[in-house]
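Chain by chain, the residues:
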Amino acid sequence: MKLATLNNGKRDGRLVVVSKDLAWCADASHIAPTLQAALDEWETKEPALRSLADELERESIPRERFHEREALSPLPRAFQWADGSAYVNHVELVRKARGAELPDSFWTDPLMYQGGSDKFLAPRQDIPLGDDSWGCDFEAEVAVITGDGPAGLSADDAAKQIRLIMLVNDVSLRGLIPGELAKGFGFFQSKPPSAFSPVAVTPDELGDAWDGRKVHLPLHSWLNGNKFGEPECAVDMTFDFAQLVAHAAKTVRCRRAPSSGRAPSPTSWTTVPASRSRKAARAIPALPRSA
């Protein structure tokens, strides 16, 4: 099942189900007005949404063309957004670029931060850049949306909480990161809003490419219309999504919120500035269309 949020002028948008070929959608507001509302009652809303999606495939209900440029991020805002570095070799390269050593503990204890989630960019929205010196950069990532779970849940139990899978264009301002981290209090100005894929999919949509913890597909990314990279998501993934969710829920309950395993964007397993122009750049990550 594919779900999307269309822009209706309200902060949380309007929930729709999307056809498997991404060409059509059907209004789902009679089941749940927003994706967050659906997640809040997932046990009862998911079967109804799946039934609606089946009717859409059979063309037995009113439908409309799905235009991804009219979509907001599936969750235009969220109660929490946690970003974990699942690829330690990528972390090593990024830290080396700013002259920082990689602690040995990074190979056994995931690096994670809580990002701003009050407002996400739309999938096709320009990335605003107020000053070239900020150094706008992007990272193509995979994210999961989880259900509720108790604090201290195991990785096996965390895997059962994964509800939906999305892509992320994670935006960083590399020119601001060193100064912020030097204060010892984490990211804020250097991590502006990120953008998620036009649709969020249930794990079964990926078929054998989802093993319950990892996505086994290439992650294609483009920068301003030019192909940038296509690394395999599962290769060199030090921590899988179950481990990352369990890490996030070590001391607090696992809430219905997106969590990302940071995936490197280009094939060289490093990142480069996405834009040196004050005019915004668009960096589009995408899984194969059949996924």
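The rules behind the values
Residues numbered from 1 in each chain as written. Predicted model: local features only at pLDDT ≥ 70, side-chain atom pairs only at ≥ 80, totals over all residues. Heavy atoms only, no water. Pairing = 2+ DSSP bridges. Helix = DSSP H or I, 4+ residues; strand = E, 2+ residues; numbered from the N terminus. Salt bridge = Lys/Arg side-chain N within 4 Å of Asp/Glu carboxyl O. Buried < 20%, exposed > 50% of the residue type's maximum accessible area, 1.4 Å probe, protein only. Polar contact = N/O pair within 3.5 Å; in protein donor to acceptor, adjacent residues only side chain to side chain. pLDDT = per-residue confidence, 0-100. Contact = heavy atoms within 4.5 Å.

Quick word on the pairing of strand 13 (residues 226-229)
1) Next: Bridge count for strand 12 (residues 220-223) against strand 13 is 3 bridges, and the pairing is antiparallel. Each bridged residue has a counterpart across the sheet, and for Leu223 the counterpart in strand 13 is Asn226.
2) Next: Connecting strand 12 to the next strand, strand 13, in antiparallel fashion are 2 residues, including Asn224 with a positive phi near 50°.

Some remarks on the pattern of salt bridges
1) Next: Across all of its chains, the model carries 17 salt bridges by this definition.
2) Next: As a salt-bridge pair, Arg124 and Glu68 come within 2.4 Å of each other at their nearest N and O atoms. Separated by 56 residues along the polypeptide, Arg124 in the loop between strand 7 (111-114) and strand 8 (136-146) and Glu68 in the loop between strand 4 (64-65) and strand 5 (71-72) bring together distant segments of the chain.
3) Next: For Arg124, a relative accessible area of 27% translates into the label partly exposed.
4) Next: Between Lys227 and Glu230 there is a salt bridge; the shortest N-O distance is 3.0 Å.
5) Next: What makes Lys227 partly exposed here is its relative accessible area of 41%.

Examining the side chain of Glu139
1) Next: Structurally, Glu139 is set in strand 8.
2) Next: On the basis of relative accessible area, Glu139 is assigned to the buried category, the value being 1%.
3) Next: Polar side-chain contacts of Glu139 include one of 3.3 Å to the side chain of Arg174.

Remarks on the confidence of the model for the protein chain
1) Next: Chain-level pLDDT for the protein chain is 87 on average; 87% of the residues reach the 70-or-more range.
2) Next: Low confidence marks residues 263-283, where pLDDT is under 50. Its contacts with residues over four positions away, or in another chain, come to 78 contacts.

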